[in-house]
Amino acid sequence: MSDHTVLHVKGRVLVGPDDVRDELWVVGGRVSYDRPAAEPTATVTGWALPGLVDAHCHVGLDAHGAVDEATSEKQALTDRNAGTLLIRDAGSAADTRWIDDREDLPKIIRAGRHIARTRRYIRNYAHEIEPADLVEYVAREARRGDGWVKLVGDWIDRAAGDLTACWPRDAVEAAIAEAHRLGARVTAHCFAEDSLRDLVEAGIDCVEHATGLTDDTIPLFAERGVAIVPTLVNIATFPALADGGEAKFPVWSGHMRRLHARRYETVRNAYDAGVPVFVGTDAGGSLAHGLVAAEVAELVKAGIPPLAALSATTWGARAWLGRPALAEGAPADLVVYGEDPRADVRTLAAPRRVVLNGRIVG
């Protein structure tokens, strides 16, 4: 579509959870609620939402590390066709900046490359360093990213045979302070219980997975406003992981099964306490792309109200990431459905039309 093309979207436009309008126009690739003089070139009807957000996704990675541009493009297209038009890339070893020049691919907010303790993460994914170097590497990734830095907060410690925290308290305090000084927010991969208090009290902004939340730490998250991205479609893999590690690491395997067994209760308790919860799939490692609708459905299954689960991938998620939804003049990134997604979030799995930068792309 050229800049002179006018797209008319009509039906029910879900501008916000309490702001539903009958129509909008796309003029010059941007949202307008004023009827333009020009007649529309195309009309789309249905239930329109802001482009969905996957706040934990890895474009440019597979199970073995960085992938080539053709594979990255396929991953991004899979997400786009599922309605995901804004991605927070929570760590990637690949350089995907070339995607920014493609108006047909989702917008990406990058967290740079993972920062992990030596031999304490997936091979070929992260900078693997020791605590003395943490501030330096956080500063480097803060400058390279788009306002986020990603730490690996805990991982299996082979000597202990279980998940343990990766960083001493003083190291994460100094590293998070440096990221904040440089204008970046910090998030961390955390499965277990033990790493959470130090990270939150050190000033972290978000925790990924957060399966180790308990009645002791949930109030701390709520008080500090620390968000979680539960990635429940990924947590579903814990039993298989536990089975694979049973012979060598039985304590770790049992721990992973317990975290999985209480996953819904953990998320629901966090939400009930006022902890901000956002949608993320953890696609791009061993998990497929395009699972955003499945993750929203998982949040509802956990007990989060459907409208709140929708907000966690639309209005609320975009506000949290500092990106517009369907405001006047915003880039026209939206998804249109045949049914009301507020009535059944499973509707998200079947987009009728995908509009990115004002162009119908799917």
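None of the values given here were measured: they were computed from a predicted structure. (Residues numbered from 1 in each chain as written. Predicted model: local features only at pLDDT ≥ 70, side-chain atom pairs only at ≥ 80, totals over all residues. Heavy atoms only, no water.)

Asker: How should I be thinking about the overall build of the chain in this particular structure?
Answerer: The number of helices and strands found in the chain is 12 helices and 20 strands. The C-alpha radius of gyration computed for the chain amounts to 20 Å, which stays within 12% of the reference 21 Å derived for 362 residues, consistent with globular compactness. Principal-axis analysis of the C-alpha atoms gives the chain an extent of 70 × 40 × 35 Å. Counting over 362 residues, the chain shows a buried share of 56%. Pairs at least 24 residues apart make up 65% of the contacts formed inside the chain by residues separated by at least 6 positions. In the chain, 41 side chains carry a positive charge and 52 a negative one; their mean positions are 2 Å apart. (Helix = DSSP H or I, 4+ residues; strand = E, 2+ residues; numbered from the N terminus. Rg over C-alpha atoms; globule rule 2.2 N^0.38 Å. Buried < 20%, exposed > 50% of the residue type's maximum accessible area, 1.4 Å probe, protein only. Contact = heavy atoms within 4.5 Å. Lys, Arg positive; Asp, Glu negative; His and termini not counted. Charge placed at Lys NZ, Arg CZ, Asp CG, Glu CD.)

Asker: Would you mind going over the sheet that holds strand β9 (residues 107-110) with me for this structure?
Answerer: One key point about sheets: their strands pair by backbone hydrogen bonds, in either a parallel or an antiparallel sense. With parallel pairing, three strands are arranged side by side in an open sheet as β5-β8-β9. Of all the strands in the sheet, the pair left with one neighbour each is β5 (52-57) and β9. Geometrically, the sheet is characterised by an average inter-axis angle of 20 degrees between neighbouring strands, direction not taken into account. Bridge analysis of β5 against strand β8 (residues 84-89) gives four bridges, and the strand direction is parallel. Bridge pairing links valine 53 to leucine 86 in β8. (Pairing = 2+ DSSP bridges. Axes fitted to C-alpha atoms, helices over the stretch in contact; angles between N-to-C directions.)

Asker: So what exactly am I meant to see when it comes to the side chain of serine 311 here?
Answerer: Summarising the element assignment, serine 311 is placed in helix α11 (residues 306-311). Residues within four places of serine 311 in sequence aside, it is in contact with Gly316 and Ala317.

Asker: How should I be thinking about helix α3 (residues 169-181) in this particular structure?
Answerer: Residues lying three or four places apart along an α-helix face the same way, a consequence of the helix completing one turn every 3.6 residues. Here α3 contains 13 residues, and its C-alpha end-to-end distance of 18 Å stays within 8% of the 18 Å for a straight helix at 1.5 Å per residue. Tucked into the core, α3 has its buried residues touching α2 (134-144), β15 (185-190) and α4 (196-201). (Expected span 1.5 Å × (residues − 1).)

Asker: I would appreciate a short explanation of helix α7 (residues 238-245) in the present structure.
Answerer: Inspection of α7 places Phe238, Ala242 and Gly245 among the buried residues, and these make up the whole buried set. Projected down its long axis, α7 carries its buried residues within an arc of 70 degrees, all on one side. When the buried face of α7 is taken as reference, the exposed residues oriented beyond 90 degrees from it are Ala240, Asp243 and Gly244. (Arc of directions from axis to C-beta.)

Asker: Help me understand unusual backbone geometry in this model?
Answerer: Negative phi characterises most residues that are not glycine, and trans characterises most peptide bonds. Unlike most non-glycine residues, histidine 209 shows phi in positive territory, near 75 degrees. In this structure, threonine 231 is a non-glycine residue whose phi angle is positive, near 50 degrees. On the secondary structure map, threonine 231 appears in the loop between β17 (227-229) and α6 (232-235).

Asker: Just checking my understanding: could you explain the sheet that holds strand β18 (residues 334-337) for this structure?
Answerer: Strand order in the open sheet formed by seven strands is β3-β2-β1-β4-β18-β19-β20, with mixed pairing between adjacent strands. At either end of the open sheet lies a strand with only one pairing partner, and these are β3 (30-32) and β20 (359-360). Where strand β1 (residues 6-16) and strand β2 (residues 19-27) come together, eight bridges link them in antiparallel fashion. Each residue of the ladder has a partner; that of valine 6, found in β2, is valine 27.

Asker: Please clarify how the packing of aromatic side chains should be interpreted in this entry.
Answerer: Aromatic ring pairs: the centre-centre distance and the angle between the two ring planes describe each pair. Applying the stated criterion across every chain, the model contains six aromatic pairs. Taking the centre distance of 4.8 Å and the plane angle of 70 degrees together, the rings of tyrosine 121 and tryptophan 155 count as edge-to-face. Of this pair, tyrosine 121 sits in the loop between β10 (115-117) and β11 (127-129) while tryptophan 155 is found in strand β13 (residues 154-157), placing the two residues 34 residues apart along the sequence. Tryptophan 155 shares its class with tyrosine 121; the two are buried. Taken together, a centroid distance of 4.2 Å and an interplanar angle of 10 degrees make the contact between phenylalanine 278 and tryptophan 320 stacked. Taken as a pair, phenylalanine 278 in the loop between α9 (263-272) and α10 (292-302) and tryptophan 320 in helix α12 (residues 315-321) lie far apart in primary sequence, 42 residues in all. Across the pair, exposure class does not vary: phenylalanine 278 and tryptophan 320 are buried alike. Against the face of tyrosine 137 rests arginine 140, its NZ or CZ located 4.3 Å from the ring centre. (Phe/Tyr/Trp six-rings, centres within 6.5 Å; stacked < 30°, edge-to-face > 60°. Lys NZ or Arg CZ within 6 Å of the ring centre and 35° of its normal.)

Asker: For this particular structure, what's the right way to read the pairing of β2?
Answerer: Two faces belong to every sheet, and in a regular strand the side chains alternate between them. Following β1, the chain reverses through two residues before pairing antiparallel with β2. In this sheet, β3 lies alongside β2 in antiparallel orientation, the contact comprising three bridges. Bridging from a neighbouring strand, valine 27 pairs with arginine 30 of β3. Hairpin connection from β2 to β3: two residues lie between these consecutive antiparallel strands, with glycine 28 at a positive phi of about 60 degrees.

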